[in-house]
Amino acid sequence: VLGGTFDPPHLGHIKLAERAKKQLNLGLVLFIPAGQPWMKTGTSVTPAHHRLSMVQLAIDGNPSFEVSDLEIKRMGPSYSIDTLENLAKTRGPVEMTFIMGEDALEDLHRWHEVDRFLGMCDLAFYRRGKREAVEDERVVVDSVELRQLAIPLEGPSIEISSSDIRRRSAL
């Protein structure tokens, strides 16, 4: 599961999904644009149906990628725990890996019902920016009441962000 605002989706998202699929031997990467991203309350976000269409265009032609409108159809804030629970009900008992950026990993303690979320999936993350590499294959993430192993994805840093694209296009 690769969730996010995708405002806009970009090559970094695609490369991250390709890297995760290959390194973790994933059968499918499911892109899920947030309907109402709760961490972006009070900021301007492109309407959800446009972001969904952009993701569909970005992944078109890759049989290993799918996009879901699950969070866009759901009313209210988009919480990852609700999404994972819905996926478990609709797709059956499958192992899920939630793919995120290192910045999201650092904010994990702020997520809605983070302990239940961590109990439903594995985590994989990529490093953003010029940070020092972690010596161990896995890093330990401290959460509210749970310790969870997060798998770092190997490869060059992805030096692109949606906020940077929006900022540059506004000039």
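Quick caveat: nothing in here was measured; it's all calculated off a predicted structure. (Residues numbered from 1 in each chain as written. Predicted model: local features only at pLDDT ≥ 70, side-chain atom pairs only at ≥ 80, totals over all residues. Heavy atoms only, no water.)

Quick look at the overall build of the protein now. Assigned secondary structure in the protein consists of seven helices and seven strands. In the protein, which comprises 171 residues, the proportion classed as buried is 43%. When contacts within the protein are restricted to residue pairs at least 6 apart in sequence, those whose partners lie at least 24 apart make up 72%. Surface accessibility of the protein: about 9,800 Å² in total, with carbon and sulfur atoms responsible for 51%. (Helix = DSSP H or I, 4+ residues; strand = E, 2+ residues; numbered from the N terminus. Buried < 20%, exposed > 50% of the residue type's maximum accessible area, 1.4 Å probe, protein only. Contact = heavy atoms within 4.5 Å. Areas by Shrake-Rupley, 256 points an atom, 1.4 Å probe, with all protein chains shown as cover.)

Here we take up helix α1 (residues 11-24). Taking 1.5 Å of rise per residue, 14 residues should cover 20 Å, and α1 covers 20 Å from first to last C-alpha, within 8% of that figure. Among all positions of α1, only Gly12, His13, Ile14, Leu16, Ala17, Arg19 and Ala20 are buried. Looking one or two residues past α1, Asn25 carries a phi angle of roughly 55 degrees, positive in sign. (Expected span 1.5 Å × (residues − 1).)

Counted according to the given criterion, the structure contains five aromatic pairs. Aromatic side chains Phe6 and Phe31 sit 5.9 Å apart centroid to centroid with 45 degrees between the ring planes, which places their arrangement in the tilted category. Separated by 25 residues along the polypeptide, Phe6 in the loop between β1 (2-4) and α1 and Phe31 in strand β2 (residues 29-33) bring together distant segments of the chain. A relative accessible area of 2% means that Phe31 is categorised as buried. (Phe/Tyr/Trp six-rings, centres within 6.5 Å; stacked < 30°, edge-to-face > 60°.)

Moving on: the pairing of strand β5 (residues 122-126). Within β5, four of the five residues are buried, leaving the element largely enclosed by the surrounding structure. Pairing of strand β4 (residues 97-101) with β5, which is carried by five bridges, proceeds in the parallel orientation. By the bridge assignment, Ile99 is partnered in β5 with Ala124. (Pairing = 2+ DSSP bridges.)

Now for the pattern of salt bridges. Considering all chains together, one arrives at seven salt bridges under this definition. Two residues, Glu85 and Arg116, come together in a salt bridge whose shortest N-O distance is 2.2 Å. Note that Glu85 is positioned in helix α4 (residues 80-91) and Arg116 in helix α6 (residues 114-120), a separation of 31 residues in sequence. The shortest N-O distance in the salt bridge between Arg116 and Glu113 comes to 2.4 Å. Here Glu113 falls in the partly exposed class, since its relative accessible area comes to 34%. A cluster of three or more residues bridged by salt bridges with shared partners is formed by Glu85, Glu113 and Arg116. (Salt bridge = Lys/Arg side-chain N within 4 Å of Asp/Glu carboxyl O.)

Within the secondary structure, Gly101 is located in strand β4. We classify Gly101 as buried; its relative accessible area is 8%. For the pair Gly101 and Leu153, spaced 52 residues apart in the sequence, the C-alpha separation amounts to 9.8 Å. Contacts of Gly101, omitting those with residues within four sequence positions, involve Phe125 and Tyr126.

We now examine the nonpolar core. In terms of nonpolar packing, the biggest core is built from 21 residues, with Leu84, Leu87, Phe98, Met100, Leu108, Phe117 and Leu123 touching the most fellow members. Elements that contribute at least two residues to this core include exactly β2, α4, β4, α6 and β5. Core analysis: the second largest hydrophobic core is formed by 18 residues, Ile14, Phe31, Ile59 and Ala124 among them. (Core = buried A, V, L, I, M, F, W, Y, C linked by side-chain atoms within 4.5 Å.)

Moving on: the confidence of the model for the protein. For the protein, mean pLDDT is 84; residues scoring 70 or higher make up 84% of the total. No element of the protein has a lower mean pLDDT than strand β6 (residues 139-142), which averages 52, and none a higher one than strand β3 (residues 65-67), which averages 98. In this model, residues 133-139 is a region of pLDDT below 50 whose contacts with residues beyond four sequence positions or in other chains number 12 contacts. Counted against residues more than four places away or in other chains, residues 143-147, with its pLDDT under 50, gives 11 contacts. (pLDDT = per-residue confidence, 0-100.)

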